[in-house]
Amino acid sequence: MSNAQRVIEKMKEGISSFSREQAAEKIGTVLEVGDGIAKIAGLDDIAASEIILIETSSGTEVTGLALNLEEDQTGVVIFGDYKEIREGDVARPTGRILSVPVGDSFNGRVVDALLVPVDGKGDVASSETYMVEKIAPGVITREPVGVPMQTGIKAIDSMIPIGRGQRELIIGDRQTGKTAVAIDTILNQAGQNMKFIYVAIGQREAKIRKIVAQLEEHGAMEYTTVVLAGASDPAAMSYLAPYSATALGEYFMAKGEDVLVVYDDLSKHAQAYRQMSLLLKRPPGREAYPGDVFYLHSRLLERSARLNKENGGGSLTALPIIETQSGDVSAYIPTNVISITDGQIYLEADLFYKGIRPAINAGLSVSRVGSSAQTKAIKKLSGTLRLDLAQYRELEAFAAFGSDVDDETRARLERGKRTIEVLKQGQYEPLTIAGQVVIMYALTNGLLDDVEEEKVEEWESGLHTYMESSHKEIIEGIMQKKELDEELEAQLKKAIEEYKEMN
């Protein structure tokens, strides 16, 4: 067979084996883009919260999220650099609802709202993904909140106790110590078998760098993940960050672990959502927020729960932070979040400027879980503390007029002054359960009444040092039993009286 014939035979074989396959692919076209929002036509079968990939003219791909499903177009929020997108660019649906990678490797890392590392320490190993939006656990799968989550802050653990699985709001004006309360709580959990996720929404990167440095210095980054949506990031990242962090928290909760998520803060989260909604042409409501701004936070915070043993027994505790303007707790977003949460810790600017720090207003602060989230020892000692403090405030206002007061009233005033001094606490100085029991016992049993008001802080510091060095068995007994029986109480009273004689 000649070469020409061989070529002809090969051509015949090629023609006979040729098959024409046609593949249909649905794509959309960018109609307009600006301010982190793209309007795309042609995506008729798109799902809500589906990931969209937009191919730019420069050859790069930008990720977006389908939020507005309209009749003739789709409103997409852009996560990347929207300035590269041009009118006419091709948008491809992925068929995937937004999810994020999860895993144990996220401990000690700083990540963005999509849980992509931004700390320069390389990629995070993850073999599993969780949906960013998820329906909250049902009533049947939940357990009543009853396991204490010690913050290490005397004023909170004694009067506004927080339990594992609770949602406790921290509310106050700017620069009143809201973040400090949350960070102290994280520092206090060393050895408590808890995981932490700190979500920074719209915060300055310099501030977060300082917080990370403090956590590293105290060895707390080992069990903490920082999710950062900085002030310079797009509004979409600020909107997404708390949901992504909660998905990571749910991964740990599903494993039976206890997790605390700090949302710092949800005021900026609501503002980011308002910005996105107005750009998507959604109808504005009160204060220009969209109508579903309550649902924005309720579907987030309802995911916090303490699960029963049949469902793993894990818990997810939420500490949302809200910033008020001039102490106005009746504004739109504060009232919304107050109605969703199980109590609030109200930080007052006036107290802060008087030097009472943490500046917790005991009258406006409340824990709706109450004493069921307290250890028996602290519950026994702090039962009347809130009432004593309220009476002191009332008597203080009365005594300010210069009226003569009887001995009983004077004694209450003096006890109140010492209560205020005891409840003061420095930043990054959380106190153990035993330490709190020791000083609360001294306060409630009148062992502090003859200590000068100006020397209470020094006296307390010396007492803790003395107990740790000379009566370690009492400290260990309190830590083990978590309650104050007659024998332990007698030992504690004797030890404090010995310390008083030395001073």
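See the structure shown above.
Residues numbered from 1 in each chain as written. Predicted model: local features only at pLDDT ≥ 70, side-chain atom pairs only at ≥ 80, totals over all residues. Heavy atoms only, no water.

Enquirer: Tell me what's going on with the overall build of the protein, and back it up with residues and numbers.
Expert: Secondary structure summary: the protein contains 16 helices and 16 strands in total. Expressed along its principal axes, the backbone C-alpha trace of the protein runs to roughly 120 × 55 × 45 Å. Within the protein, the proportion of its 503 residues that are buried is 50%. Put simply, of all contacts in the protein between residues at least 6 apart along the chain, 73% involve residues at least 24 apart. Side-chain charges in the protein split into 55 positive and 77 negative, and the spacing between the mean points of these groups amounts to 2 Å. (Helix = DSSP H or I, 4+ residues; strand = E, 2+ residues; numbered from the N terminus. Buried < 20%, exposed > 50% of the residue type's maximum accessible area, 1.4 Å probe, protein only. Contact = heavy atoms within 4.5 Å. Lys, Arg positive; Asp, Glu negative; His and termini not counted. Charge placed at Lys NZ, Arg CZ, Asp CG, Glu CD.)

Enquirer: An account of the sheet that holds strand β16 (residues 366-367) is needed here, citing residue identities and associated values.
Expert: Reading across from one edge, β8-β12-β11-β13-β14-β10-β15-β16 is the order of the 8 strands in this open sheet, with mixed pairing throughout. For this open sheet the edge positions go to β8 (110-111) and β16, each flanked by a neighbour on one side alone. Note that strand β15 (residues 343-347) and β16 share 2 bridges and pair antiparallel. Paired with Gly343 across the strands is Ser367, a residue of β16. Those strands touched by helix α4 (residues 205-217) are β8, β11 (194-203), β12 (224-230) and β13 (258-264), and its axis lies near 175 degrees from that of β12. (Pairing = 2+ DSSP bridges. Axes fitted to C-alpha atoms, helices over the stretch in contact; angles between N-to-C directions.)

Enquirer: Please give an account of the sheet that holds strand β1 (residues 28-34) that cites residues and values.
Expert: Spatial ordering of the closed barrel is given by β1-β2-β5-β4-β3-β6, a layout of 6 strands whose pairing is antiparallel. Each adjacent strand pair in this sheet contributes to an overall mean axis angle of 45 degrees, direction not counted. For β1 and strand β2 (residues 37-41), the ladder comprises 5 bridges, and the chain directions are antiparallel. Within β2, the residue paired with Glu32 across the bridge is Lys39.

Enquirer: Describe helix α6 (residues 266-279), listing the residues and the values that go with them.
Expert: Between the first and last C-alpha of α6 there are 20 Å, a value that for 14 residues agrees with the 20 Å anticipated at 1.5 Å per step. For α6, every residue scored as buried is listed here: Leu266, Ser267, His269, Ala270, Ala272, Tyr273, Met276 and Ser277. Capping of α6 at its N-terminal end is provided by Asp265; its side-chain oxygen lies 2.9 Å from the backbone amide nitrogen of Ser267. Looking at the residues trailing α6, positive phi occurs at Lys281, about 65 degrees. (Expected span 1.5 Å × (residues − 1). Polar contact = N/O pair within 3.5 Å; in protein donor to acceptor, adjacent residues only side chain to side chain.)

Enquirer: I'd like a rundown of the nonpolar core, residues and numbers included.
Expert: Residues Leu215, Val437, Trp459, Met467 and Leu492 are the most contacted members of the largest nonpolar core, which totals 76 residues. Residue contributions to this core peak at 9 residues, all from helix α13 (residues 433-444). In terms of nonpolar packing, the next biggest core, distinct from the first, is built from 60 residues, Leu115, Ala229, Ala245 and Leu280 among them. (Core = buried A, V, L, I, M, F, W, Y, C linked by side-chain atoms within 4.5 Å.)

Enquirer: Break down the packing of aromatic side chains for me, with residues and values.
Expert: Applying the stated rule across the entire model yields 9 aromatic pairs. Here Phe196 and Tyr223 contribute two aromatic rings whose centre-to-centre distance is 5.6 Å and whose plane-to-plane angle is 55 degrees, an arrangement assigned as tilted. Residue Phe196 is found in strand β11, and its partner Tyr223 is found in the loop between α4 and β12; the two are separated by 27 residues along the sequence. The class for Phe196 is buried, based on a relative accessible area of 1%. Taken together, a centroid distance of 5.2 Å and an interplanar angle of 70 degrees make the contact between Trp459 and Tyr499 edge-to-face. One end of the pair, Trp459, is in helix α14 (residues 456-470); the other, Tyr499, is in helix α16 (residues 486-502), with 40 residues separating them in the sequence. Each member of the pair Trp459 and Tyr499 is classed as buried. The ring of Tyr289 has Arg274 sitting right over it, with the charged end atom 4.3 Å from the ring centre. Here the basic side chain of Arg357 rests over the ring of Phe352, its NZ or CZ set 4.0 Å away from the ring centre. (Phe/Tyr/Trp six-rings, centres within 6.5 Å; stacked < 30°, edge-to-face > 60°. Lys NZ or Arg CZ within 6 Å of the ring centre and 35° of its normal.)

Enquirer: Tell me about the packing of helix α3 (residues 178-187) against α4, and name the residues and values.
Expert: Interaxial distance between α3 and α4 falls to 11 Å at its minimum, and their mutual angle equals 25 degrees. Here α3 is positioned roughly parallel relative to α4, judged by the angle of their axes. For the crossing formed where α3 meets α4, the hand is right-handed. On α4, the residues touching Thr179, Ile183, Ile186 and Leu187 of α3 are Lys207, Ile211 and Leu215. (Parallel < 35°, antiparallel > 145°, perpendicular 65-115°, else oblique. Left-handed = near helix turned anticlockwise from the far one by under 90°.)

Enquirer: So what's going on with the environment of Lys178? Which residues, and what values?
Expert: Along the chain, the position of Lys178 falls in helix α3. Taking the C-alpha atoms as reference, Lys178 lies 24 Å from Tyr289; in sequence the two are 111 residues apart. Discounting chain neighbours no more than four positions away, the residues touching Lys178 are Ile170, Ile171, Gly172, Asp173, Ile321, Ile322, Glu323 and Leu347. At a separation of 2.8 Å, a polar atom in the side chain of Lys178 contacts the main-chain carbonyl oxygen of Asp173.

Enquirer: Tell me what's going on with α4, and back it up with residues and numbers.
Expert: The terminal C-alpha atoms of α4 lie 18 Å apart, and with 13 residues this matches the ideal 18 Å at 1.5 Å per residue to within 8%. Within the sequence span of α4, burial applies to Ile208, Ile211, Val212, Gln214 and Leu215. Seen along its axis, α4 keeps its buried residues to an arc of 160 degrees; they face one direction. Looking at α4, the residues exposed on the side facing more than 90 degrees away from the buried face are Arg209, Lys210 and Glu217. Each element contacted by the buried residues of α4 is listed here: β8, α3, β11 and β12. (Arc of directions from axis to C-beta.)

Enquirer: Outline the pattern of salt bridges, listing residues and values.
Expert: Considering all chains together, one arrives at 25 salt bridges under this definition. We note a salt bridge from Glu414 to Arg418, for which the minimum N-O separation is 2.9 Å. Pair noted here: Glu414 and Arg418 are both in helix α12 (residues 407-423), with a separation of 4 residues, about one helical turn. Residue Glu414 is classed as partly exposed on the basis of its relative accessible area, which comes to 28%. (Salt bridge = Lys/Arg side-chain N within 4 Å of Asp/Glu carboxyl O.)

Enquirer: Before we move on, could you go through the environment of Ile37 and cite the residues and values that matter?
Expert: Following the sequence through the fold, Ile37 ends up in strand β2. In the structure, Ile37 is positioned 274 residues away from Asn311 in sequence and 40 Å away in space, judged by C-alpha atoms. With sequence-adjacent residues up to four places away left out, Ile37 is seen in contact with Glu32, Val76, Val77, Ile78, Met276, Leu279 and Leu280.

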